[in-house]
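Geometric and topological summary
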Amino acid sequence: MLDPKPTVLIMAAGRGTRMRSALPKVLHPVCGRAMVEWVIEAARAGGAGRIVCVTRPGDGVAEALPHGVESAEQQQGEGTGAAVLAARGHIEPGAGVMILSGDNPLIRSELVAALWDAHRSAGAAATLLTTSELDPAGYGRVMRAPGGQVERIVETKRVDGVPREVLATREINIGAYAFRGDDLIEALDAVSETEGERYLTGVFPLLRERGRPIAAHATADVSSAIGVNTRLDLIQVERHAQRRIVERHALAGVTFISPQTASIDAGVEIGADTVLEPGVTLRGATRVGGGCRVGPQTTLIDATLGERVVVPHSYLVECAVRDGASVGPFAYLRPGADVGERAKVGTFVEVKNSAIGAGAKVPHLSYIGDAEVGEGTNVGAGNITANYDGRMKHRTTLGKRVRTGVHTSFVAPVDVGDDAYTAAGSVITGDVPAGALGVARNRQRNIEGYAKRAQEESGP
Ligand code: UD1
Ligand code: MG
């Protein structure tokens, strides 16, 4: 825990034009979570006091910020220096302030805390975070005086005209800093524009001229250092983030048969002794209990699985599957599906907005929509709930321990009582009382000698 807790500014108002996107750069997701949210999370866990995010009016970033995060609008000027000046009202002259970049999503909270500690123990006016472990192309290079003190940062986004010794420098500016508030604002006001931008990094030579102490905190943590300016950078960051997520779950007791093919969002929860087979995609607020077996090739989106659930080759969205149930292979559970304990939803079955009772089975080739299937009921192969009359949706209710014949259609609204049966091929348009057999089809008749007659009529 940091003491006193510093205000953290997050610069998130850049135009991000090299992303070639209608979406603001910092809202691009990394493992399902917006870049800026990763930074906010690191700031929080790293001991931030207030968190203020610099946003551009009307770009939608301010609206997307989590509860408790303030925003400051960058209404004028371009560049990281202009971003900080937009938040000057949040910088207390006598106190320290940390500045992070919204496009540096994987910065670890430990590093945020270490940067602040280094700043405080050095008694510096400014401390910047650096690394020499990343490909330095395109980053600001940290140029040091012969004595080792930080002199200035030279941008290398464009290399023409950049001196050789700069391009040979491996140490880069990560874009995370701690400052004394008054030193920062005084220096920043004096920074002039470079190609229409006011660079935050312009403060370093000015602070140095004024004899103010500058410290640098170096890290070897590559993933913490990556800044995202293009979608190529995003690919790199996504890979590191995914590895972090997989490692966290593995250490918490999850088995990965093929970790490189797993795609798991940051907010997903998975219980111990669950096995993830190859090709598993877990998105959003998905929660998987312990002892489950998910995959191969299964997607869960905002789905909740209880304990010991088995789901091979299936696609589940906004649904719940309770303890001991099994789903698939090749099932599609849509929003509002609720599969009860030990129930089974089998092959080529689609379920929407329906409860499948404990121990009930829908094993093959069925569509169950807007229905309740009672405990212990067995739905025959190829059953369909006709839930839509062209204008409205209606419900189908099957009681407990019902046995439906193959190819039954339920023309909703319709109720089938407990322990009832339906005959194969029935189109059930009226209720079936408890314990009854509903038969709704034409009786078979056989036309004797038909084949012979057909042959005679078609001639030799
Ligand atoms: C910046 C640093 C560079 C460092 C790199 C690390 C400067 C001048 N350069 O370069 O030394 O190596 O980050 O990734 O600071 N932003 C605003 N308002 C603006 C412009 C930018 O809020 O007007 C925000 C962006 O949304 C982004 C951050 O500031 O989150 C950094 O801006 P970006 O344009 O990506 O700077 P880089 O060129 O990457
Ligand atoms: Mg950047």
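Parameters at a glance
Residues numbered from 1 in each chain as written. Chains lettered and ligands numbered in written order. Predicted model: local features only at pLDDT ≥ 70, side-chain atom pairs only at ≥ 80, totals over all residues. Heavy atoms only, no water. Donors = N, O, S within 2.8 Å, 3.2 Å for Na, K, Ca; no water. Helix = DSSP H or I, 4+ residues; strand = E, 2+ residues; numbered from the N terminus. Near = heavy atom within 4 Å. Polar contact = N/O pair within 3.5 Å; in protein donor to acceptor, adjacent residues only side chain to side chain. Areas by Shrake-Rupley, 256 points an atom, 1.4 Å probe, with all protein chains shown as cover. Nonpolar A, V, L, I, M, F, W, Y, C, P; charged D, E, K, R; others polar. Core = buried A, V, L, I, M, F, W, Y, C linked by side-chain atoms within 4.5 Å. Buried < 20%, exposed > 50% of the residue type's maximum accessible area, 1.4 Å probe, protein only. Domains from an automatic or database assignment. Contact = heavy atoms within 4.5 Å. Pairing = 2+ DSSP bridges. Buried area = accessible area lost by both parts, 1.4 Å probe. Salt bridge = Lys/Arg side-chain N within 4 Å of Asp/Glu carboxyl O. Expected span 1.5 Å × (residues − 1).

1. Side note on the coordination of the magnesium ion (ligand 2)
Donor atoms from the polypeptide that bind the magnesium ion (ligand 2) are Asp-103 (OD) and Asn-229 (OD1), placed at 2.0 to 2.3 Å. In this pair, Asp-103 sits in the loop between strand 6 (96–101) and helix 4 (109–122) while Asn-229 sits in the loop between helix 8 (222–225) and helix 9 (231–251), placing the two residues 126 residues apart along the sequence.

2. A word on the site of ligand 1
The environment of ligand 1 is formed by 24 residues, the closest being Ala-13, Gly-79, Thr-80, Lys-157 and Asn-173. One of the backbone nitrogen or oxygen atoms of Ala-12 is found 3.4 Å away from an oxygen atom of ligand 1. Contacts to ligand 1 include Ala-13, whose backbone N or O atom sits 2.7 Å from an oxygen atom. Bound to the protein, ligand 1 loses 93% of the 750 Å² it would expose on its own. Among the elements of the structure, helix 3 (80–86) and strand 10 (172–180) are those that each provide at least two residues to the shell around ligand 1. For the shell around ligand 1, the per-class residue count stands at 8 nonpolar, 10 polar and 6 charged.

3. Remarks on the nonpolar core
In this structure, Val-36, Leu-305, Leu-316, Leu-333 and Ile-356 are the most contacted members of the largest nonpolar core, which totals 91 residues. The element best represented in this core is helix 1 (residues 35–45), accounting for 7 residues. For this core, the two domains that each supply at least three residues are domain 1 (7–225) and domain 2 (251–438). If sequence neighbours within four positions are ignored, Leu-333 has contacts with Tyr-315, Leu-316, Val-317, Cys-319, Val-321, Val-327, Val-339, Val-345 and Val-351. Counting 31 residues, the second largest nonpolar core, distinct from the first, contains Ile-91, Leu-184, Val-191 and Ile-214.

4. Observations concerning the sheet that holds strand 35 (residues 403–404)
The 3 strands are arranged 35-38-40 in an open sheet whose pairing can be described as parallel. Each edge of the sheet is formed by a strand with only one pairing partner; in this case those strands are strand 35 and strand 40 (437–438). Pairing between strand 35 and strand 38 (residues 421–422): 2 bridges, direction parallel. When the bridges of strand 38 are listed, Thr-404 appears paired with Thr-422.

5. Let's talk about the domain arrangement of the chain
Under the domain assignment, the chain is made up of domain 1 (7–225) and domain 2 (251–438). Once you take the C-alpha centre of each, domain 1 and domain 2 turn out to be 49 Å apart. Taken together, the contact pairs 4 residues of domain 1 with 4 residues of domain 2. Note on domain 1 versus domain 2: buried area summed over both sides is about 260 Å², and carbon and sulfur give 55% of it. For domain 1, the biggest contributors to the area lost against domain 2 are Cys-31, Gly-32 and Arg-33; these three give 91% of the whole. Connecting domain 1 to domain 2 are 0 salt bridges. On inspection of domain 1 and its partner domain 2, the count reaches 2 residue pairs in polar contact (both at pLDDT 80 or more).

6. A look at the pattern of salt bridges
Going through the model one piece at a time under the given rule, you end up with 20 salt bridges. The closest approach of N and O atoms between Lys-25 and Asp-103, which form a salt bridge, is 2.9 Å. With Lys-25 in the loop between strand 1 (7–11) and strand 2 (29–30) and Asp-103 in the loop between strand 6 and helix 4, the pair connects residues that are 78 residues apart, well separated along the chain. With its nearest N and O atoms 2.8 Å apart, the salt bridge here joins Glu-372 to Arg-395. One end of the pair, Glu-372, is in strand 32 (residues 371–373); the other, Arg-395, is in the loop between strand 33 (384–386) and strand 34 (396–398), with 23 residues separating them in the sequence. Taking relative accessible area as the criterion, Glu-372 reaches 36% and is therefore assigned partly exposed. You can call Arg-395 partly exposed: its relative accessible area is 36%.

7. Concerning the side chain of Arg-56
Structurally, Arg-56 can be placed in the loop between strand 4 (51–55) and helix 2 (61–64). Judged by its relative accessible area of 12%, Arg-56 is buried. At 2.9 Å, the side chain of Arg-56 forms a polar contact with the backbone oxygen of Ala-13. Discounting chain neighbours no more than four positions away, the residues touching Arg-56 are Ala-13, Gly-14, Arg-15, Gln-74, Gly-77 and Glu-78.

8. Some words on the pairing of strand 28 (residues 349–352)
Successive side chains on a regular strand alternate, one facing one side of the sheet and the next facing the other. Bridge count between strand 25 (residues 331–333) and strand 28: 3 bridges; the pairing is parallel. For Leu-333, the partnering residue across the bridge sits in strand 28 and is Val-351. Here strand 28 pairs with strand 31 (residues 367–369) via 3 bridges, running parallel. Bridging across to strand 31, Lys-352 finds its partner in Gly-369.

9. A short note on helix 4
It helps to recall that an α-helix has 3.6 residues per turn; residues three or four apart then point in one direction. In a regular helix each residue adds 1.5 Å, so 14 residues correspond to 20 Å; helix 4 covers 20 Å between its end C-alpha atoms and thus fits that length. For helix 4, the secondary structure elements touched by its buried residues are helix 1, strand 6, strand 7 (126–131), strand 10, strand 11 (214–218) and helix 8. Among the residues trailing helix 4, Gly-123 stands out with phi positive, at a value near 60°.

10. Section: the side chain of Ser-366
Relative to the helices and strands, Ser-366 resides in the loop between strand 30 (361–364) and strand 31. A distance of 3.0 Å separates a polar atom in the side chain of Ser-366 from the backbone nitrogen of Asn-383. Once you skip the residues sitting within four places of it in the chain, Ser-366 turns out to touch Phe-348, Val-349, Glu-350, Val-379, Gly-380, Ala-381, Gly-382 and Asn-383.

11. As for unusual backbone geometry
Of note, the amide linkage connecting Gly-295 to Pro-296 takes the cis form, showing an omega dihedral of 5°. With an omega of 0°, the peptide bond running from Gly-328 to Pro-329 counts as cis. Structurally, Pro-329 is set in the loop between strand 24 (326–327) and strand 25. Non-glycine residue Asp-273 carries a positive phi angle of around 65°. Unusually for a residue other than glycine, Arg-308 sits at a positive phi of about 55°. Among the secondary structure elements, Arg-308 is positioned in the loop between strand 20 (304–305) and strand 21 (310–311).

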